[in-house]
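Here's the letter readout for the chains.
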Amino acid sequence: MFDLNELERAHRIVGTAVPPTPVHAWPLLAERLGTRVVVKHENHTPIGAFKVRGGLVYIERLKRERPDVPGIISATRGNHGQSLAFAAGRHGVPAVIYVPRSNSVEKNRAMRAFGAELVEHGEDFQAAREEAERRAQFAGLHMVPSFHPDLVLGVATYALELFRSAPDLDILYVPIGQGSGICGCIMARDLLGLKTEIVGVQSTEAPSYALSFAAGKIVTTATSNTRADGMATRIPDADAFALIRKGTSRIVQVTDDEVGQAIRAYWTDTHNLAEGAGAAALAAALQEKGGLAGKRVGLILTGGNIDFDLFGKWVMADVPSARRVVA
């Protein structure tokens, strides 16, 4: 997909807008997991999520190769759209972003604030994407997919930072939405010649990649009704699946309740706010805690863009119970 020189160049492009994000070892998380652990804080980017890196690299190439591009269009549950709006704004390119109805209110507000025209359509991401593709053909706009080599190249820059900061990781947990993040981690690991085991994480309510991994072929799901919207994928991308199947050891499924507990744990142990997908890696590590003793564990906190209302209803609805869980 790309070589180390291309990854280094992408890191310089990303660095014009995004300083390297922190890699922290949190003692309370280490106590909770019973082993050494580091967290890559992609919640500390200008959009509050790792996706910004892919957007910057994708739009830089698009604008360089097509300086007269009339505009871009894409579909998202939030962070991909924020990434494209942020990057397009830096290059003076109009952006149209489709989201499903009942999408995150605060992510919608952020996309508009970054300058995107926002259109709500359909009941889930797949419906929004299909409508965006139709409008792209009708209006002559450039359709940005959810998975593309340039997007992977961009987000792989966080993995480059992580592996150079912590090259001795035994295992790395990475959430899977459309797959760019985990594919970037696989590519960076392999290009650096490391042996870190990479484990994917999906929601039990949107397990299309997990089911595909188990079956050895693409498996779709009829619904993706998880509160962790960054993992709400019904149809795997074939190219992403091929790389995930080759480069990961397994995919762990986590429930929404487990993700909610992980969000609380991040808050109490690190005072960082994670969105659902952002906490999924920790949820998976907690599920597999019994097998992690003596290993150095890496967690990708992919983003912190969770609506306040959702946080209250999902994470803090039962405060006394929550205090018992995180104590």
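I will try to describe carefully the structure that is included in this document. (Residues numbered from 1 in each chain as written. Predicted model: local features only at pLDDT ≥ 70, side-chain atom pairs only at ≥ 80, totals over all residues. Heavy atoms only, no water.)

## Focus on the nonpolar core
Here is step 1 of the chain: With 63 residues, the main nonpolar core has Leu 56, Ile 72, Tyr 158, Leu 172, Val 174 and Ile 244 as its most contacted residues.
Here is step 2 of the chain: Counting residues per element, this core draws most heavily on helix H7 (residues 149-165), at ten residues.
Here is step 3 of the chain: Beyond its immediate sequence surroundings of up to four residues, Tyr 158 is in contact with Lys 40, Glu 42, Phe 50, Arg 53, Val 174, Gly 181, Cys 185 and Ile 300. (Core = buried A, V, L, I, M, F, W, Y, C linked by side-chain atoms within 4.5 Å. Buried < 20%, exposed > 50% of the residue type's maximum accessible area, 1.4 Å probe, protein only. Helix = DSSP H or I, 4+ residues; strand = E, 2+ residues; numbered from the N terminus. Contact = heavy atoms within 4.5 Å.)

## Some words on helix H3 (residues 52-65)
Here is step 1 of the chain: Between the first and last C-alpha of H3 there are 20 Å, a value that for 14 residues agrees with the 20 Å anticipated at 1.5 Å per step.
Here is step 2 of the chain: With ten of 14 residues buried, H3 lies mostly within the body of the structure.
Here is step 3 of the chain: For H3, the secondary structure elements touched by its buried residues are helix H1 (4-15), strand S2 (36-41), strand S3 (72-75), helix H4 (79-91), strand S6 (142-143) and H7. (Expected span 1.5 Å × (residues − 1).)

## Here we look at the packing of helix H11 (residues 256-270) against helix H13 (residues 308-315)
Here is step 1 of the chain: At their nearest, the axes of H11 and H13 sit 10 Å apart, and the two run at 110° to each other. As far as their axial angle goes, H13 and H11 are roughly perpendicular. Listed contacts from H13 to Asp 256, Val 259, Gly 260, Ile 263 and Arg 264 of H11 are Phe 311, Trp 314 and Val 315.
Here is step 2 of the chain: Its residues placed into classes, the contact of H11 with H13 shows five nonpolar, one polar and two charged. (Axes fitted to C-alpha atoms, helices over the stretch in contact; angles between N-to-C directions. Parallel < 35°, antiparallel > 145°, perpendicular 65-115°, else oblique. Nonpolar A, V, L, I, M, F, W, Y, C, P; charged D, E, K, R; others polar.)

## Here's the deal with the sheet that holds strand S1 (residues 23-24)
Here is step 1 of the chain: On the basis of which strands lie adjacent, the open sheet formed by six strands has the order S1-S2-S10-S7-S8-S9 and mixed pairing. Both edges of this open sheet fall to S1 and strand S9 (250-254), since each of them pairs with a single strand only.
Here is step 2 of the chain: Relative to strand S8 (residues 197-203), strand S7 (residues 171-175) runs parallel, the two being bridged by five bridges. Paired with Tyr 173 across the two strands is Val 199, which belongs to S8. (Pairing = 2+ DSSP bridges.)

## Details of the sheet that holds strand S5 (residues 117-120)
Here is step 1 of the chain: Here four strands make up an open sheet; going across it, the order is S5-S4-S3-S6 and the pairing parallel. Two strands lie at the open edges of the sheet, namely S5 and S6, each paired on one side alone.
Here is step 2 of the chain: Two strands pair when backbone bridges link them, and S3 and S6 are joined in this way by two bridges, in the parallel orientation. By the bridge assignment for S6, Ile 72 is matched with His 142.
Here is step 3 of the chain: Those strands touched by H4 are S3 and strand S4 (95-99), and its axis lies near 165° from that of S3.
Here is step 4 of the chain: Against the sheet, helix H5 (residues 105-113) engages S4 and S5, with an angle of about 150° to S5.

## Describing the side chain of Glu 275
Here is step 1 of the chain: For Glu 275, the position within the fold is in the loop between H11 and helix H12 (276-287).
Here is step 2 of the chain: Owing to a relative accessible area of 2%, Glu 275 belongs among the buried residues under this scheme.
Here is step 3 of the chain: A distance of 3.0 Å separates a polar side-chain atom of Glu 275 from the backbone nitrogen of Asn 305.
Here is step 4 of the chain: In this structure, Glu 275 is in contact with Gly 48, Asn 79, Lys 107, Asp 229, Ile 263, Gly 303, Gly 304, Asn 305 and Ile 306, ignoring residues within four places of it in sequence. (Polar contact = N/O pair within 3.5 Å; in protein donor to acceptor, adjacent residues only side chain to side chain.)

## Quick notes on the pattern of salt bridges
Here is step 1 of the chain: Taken as a whole and judged by the stated rule, the model has 19 salt bridges.
Here is step 2 of the chain: A salt bridge links Glu 161 to Lys 40; the nearest nitrogen and oxygen atoms lie 2.7 Å apart. On the criterion of sequence distance, the pair formed by Glu 161 in helix H7 and Lys 40 in strand S2 is long-range, its members being 121 residues apart. In this pair, the class of Glu 161 matches that of Lys 40, namely buried.
Here is step 3 of the chain: If you follow the salt bridges from partner to partner, you end up with Lys 40, Glu 42, Arg 53 and Glu 161 in one network. (Salt bridge = Lys/Arg side-chain N within 4 Å of Asp/Glu carboxyl O.)

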